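Fold and geometry: a report
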Amino acid sequence: MNYPRIDIDCNKIYHNAQFIINQLALKSISVTPVTKVCLGHPVIAQTLIDAGAKMLADSRVQNIQRMVLSGITVPKMLIRTPMFSQVASVVKYCDISLNTEIDVIKRLSCAAKQARVNHDVIIMIELGDLREGIMPNHSINFIREVISLPNINLRGIGSNLTCRYGIAPDDEKMKQLSDIADEIESTFGINLEIISGGNSASINWALAHRRSTRINNLRIGEAIFLGCVPLEQPPIEGLHQDAITLTAEIIESKVKPSLPWGKRGENAFGEKDIIQDRGVVSQAILALGRQDVCIAGLKAPDDINIISSTSDHLIIESARSPLVVGAKIRFSLDYSALLSSMSSDFIYKFFNKSKRGIT
Ligand SMILES: *Cc1c(COP(=O)(O)O)cnc(C)c1O
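Read on for an overview of the structure. (Residues numbered from 1 in each chain as written. Predicted model: local features only at pLDDT ≥ 70, side-chain atom pairs only at ≥ 80, totals over all residues. Heavy atoms only, no water.)

Attention now moves to the site of the ligand. Neighbouring the ligand are 13 residues; Lys36, Ser200, Arg219, Gly221 and Glu222 lie closest to it. At a separation of 2.5 Å, an oxygen atom of the ligand approaches a polar side-chain atom of Ser200. In this structure, Gly221 approaches the ligand through a main-chain N or O atom, which is 2.8 Å from an oxygen atom. Burial of the ligand by the protein chains amounts to 95% of its free accessible area of 390 Å². A class-by-class count of the residues in the shell around the ligand yields four nonpolar, four polar and five charged. (Near = heavy atom within 4 Å. Polar contact = N/O pair within 3.5 Å; in protein donor to acceptor, adjacent residues only side chain to side chain. Areas by Shrake-Rupley, 256 points an atom, 1.4 Å probe, with all protein chains shown as cover. Nonpolar A, V, L, I, M, F, W, Y, C, P; charged D, E, K, R; others polar.)

Moving on to the sheet that holds strand β2 (residues 30–33). The strand order across the open sheet built from eight strands is β2-β9-β8-β7-β6-β5-β4-β3, with neighbouring strands paired in parallel fashion. Among the strands making up the open sheet, the edge pair consists of β2 and β3 (56–58). The sheet shows a mean angle of 30 degrees between the axes of neighbouring strands, taken without regard to direction. Taken together, the two bridges between strand β8 (residues 194–198) and strand β9 (residues 217–220) define a ladder with parallel strand orientation. Bridge pairing in β9 links Gly198 to Leu218. (Pairing = 2+ DSSP bridges. Helix = DSSP H or I, 4+ residues; strand = E, 2+ residues; numbered from the N terminus. Axes fitted to C-alpha atoms, helices over the stretch in contact; angles between N-to-C directions.)

Time to look at the pattern of salt bridges. One pass over the full model with this rule turns up 13 salt bridges. With a shortest N-O distance of 3.7 Å, Lys328 and Glu249 are connected by a salt bridge. Here the residue Lys328 occupies a position in strand β15 (residues 328–333), and Glu249 occupies one in strand β10 (residues 244–257), the gap between them amounting to 79 residues. You can call Glu249 partly exposed: its relative accessible area is 26%. With a closest N to O distance of 3.0 Å, Arg290 and Glu271 form a salt bridge. With a gap of 19 residues between them, Arg290 in the loop between β11 (280–287) and β12 (298–299) and Glu271 in the loop between β10 and β11 connect regions that are remote in the sequence. (Salt bridge = Lys/Arg side-chain N within 4 Å of Asp/Glu carboxyl O. Buried < 20%, exposed > 50% of the residue type's maximum accessible area, 1.4 Å probe, protein only.)

Within the sequence span of helix α3 (residues 61–69), burial applies to Val61, Asn63, Ile64 and Met67. Viewed along the axis of α3, the buried residues span an arc of 160 degrees, placing them on a single side of the element. Opposite the packed face of α3, turned more than 90 degrees from it, sit the exposed residues Gln62 and Leu69. Against α2 (42–50), β3, β4 (76–78) and α4 (87–93) lie the buried residues of α3. Looking one or two residues beyond α3, the residue adopting positive phi is Gly71, at roughly 90 degrees. (Arc of directions from axis to C-beta. Contact = heavy atoms within 4.5 Å.)

Another point: the nonpolar core. One finds Ile123, Ile157, Phe225 and Leu298 to be the most contacted residues of the largest nonpolar core, which totals 96 residues. With seven residues, helix α1 (residues 10–25) is the largest single contributor of residues to this core. Here this core spans two domains, and each of domain 1 (10–226) and domain 2 (244–352) adds at least three residues to it. Those residues in contact with Phe225, other than ones at most four positions away along the chain, are Ile13, Val34, Val37, Cys38, Ile44, Leu48, Ala243, Ile244 and Leu338. With 10 residues, the next largest nonpolar core counts Ala57, Ile96, Ile122 and Met124 among its residues. (Core = buried A, V, L, I, M, F, W, Y, C linked by side-chain atoms within 4.5 Å. Domains from an automatic or database assignment.)

Let us now look at unusual backbone geometry. Note that the residue after Tyr3, namely Pro4, is joined by a cis bond; omega there is -5 degrees. Looking at the secondary structure, you find Pro4 in the segment before β1 (5–9). With a phi close to 55 degrees, Leu39 is a non-glycine residue in the positive phi region. By secondary structure assignment, the location of Leu39 is in the loop between β2 and α2. Phi at Asn151 takes a positive value of approximately 65 degrees, unusual for a residue other than glycine.

The structure is reproduced here in structure tokens:
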């Protein structure tokens with residue numbers, strides 16, 4: 001078996017996805033699972049479809065292309081506004097894209113016309129987190145231009161909160177998006193089919209929301225894979241938090257002083273931490289480093305402390321567990337560690353799909 005490795009339990013991902021899809025269906029909200037943390041891996045995509053997903057979303061055209069080429073046929077949504085250079089592949093591989101720039105949509109329109117297809121768009125509205133989105137007071141004029149473009153279908157509007165500044169997706173924000181949807185519909189006499197309110201950070205709002213809003217879709221990644229949501233730290237009840245873990249191997253284990261000796265400057269990363277003399281310690285080095293994963297996002301087992309890291313080494317200590325060479329240590333991951341380690345070619349990806357017999 002090869003290390004470092006990520007173990008991906010497809011049964012747990014299936015359970016998490018199905019739970020979220022079913023719970024939000026009770027609130028008349030559809031869930032579009034977001035595959036970007038797993039780079040559109042076809043095994044995960046199929047797991048999500050088996051769990052009930054009717055559409056999949058990803059931020060990268062390459063990931064969506066990968067799903068198309070591996071025979072994933074459900075509609076696919078591109079959730080980052082396209083670059084000019086991508087419009088031809090966007091209309092080829094993506095059924096629907098999130099957009100905020102009229103010049104991009106005009107190019108999508110030309111590319112779609114050339115390819116003799118129609119391309120669907122959702123227009124993102126800025127609600128205060130200051131990432132993507134048109135300003136709310138521009139929405140009517142913007143939509144007027146969009147609906148005039150050939151080979152472009154306006155499917156709805158959406159918003160994204162939390163990712164940049166942690167602005168919460170609450171009743172007020174969701175009502176604002178709903179009001180904008182109403183205004184667009186009455187101005188142009190059209191029906192907006194999709195009102196996509198947000199990401200995993202919206203789950204608790206959606207599960208608790210009683211007041212009816214127009215929100216009928218969420219784009220969910222993190223909650224499916226990690227069983228938790230970004231704003232609230234406590235995990236979501238009923239979801240697995242250990243669907244994906246990272247295991248690395250000890251390559252050196254020694255009793256050493258805790259205090260370095262010699263003339264001291266900054267380390268290779270320009271850091272110079274204050275070091276306490278804790279006498280001699282039992283330290284071990286794992287074959288895992290900053291080139292592989294965002295170390296700050298790793299959580300070690302309770303009796304093990306992560307002390308420091310370099311490009312290729314992770315140094316841990318334990319007062320209780322014997323840290324022997326060759327032993328494997330399993331970590332849980334936060335979003336940053338998941339994203340970085342899934343994207344690393346140095347980390348083996350192992351899919352456990354035995355119980356449900358996924359092919
Ligand atoms: C990544 C992303 C999502 C999913 O976010 P999670 O926090 O993983 O649920 C949704 N929408 C957009 C636009 C995104 O970029």
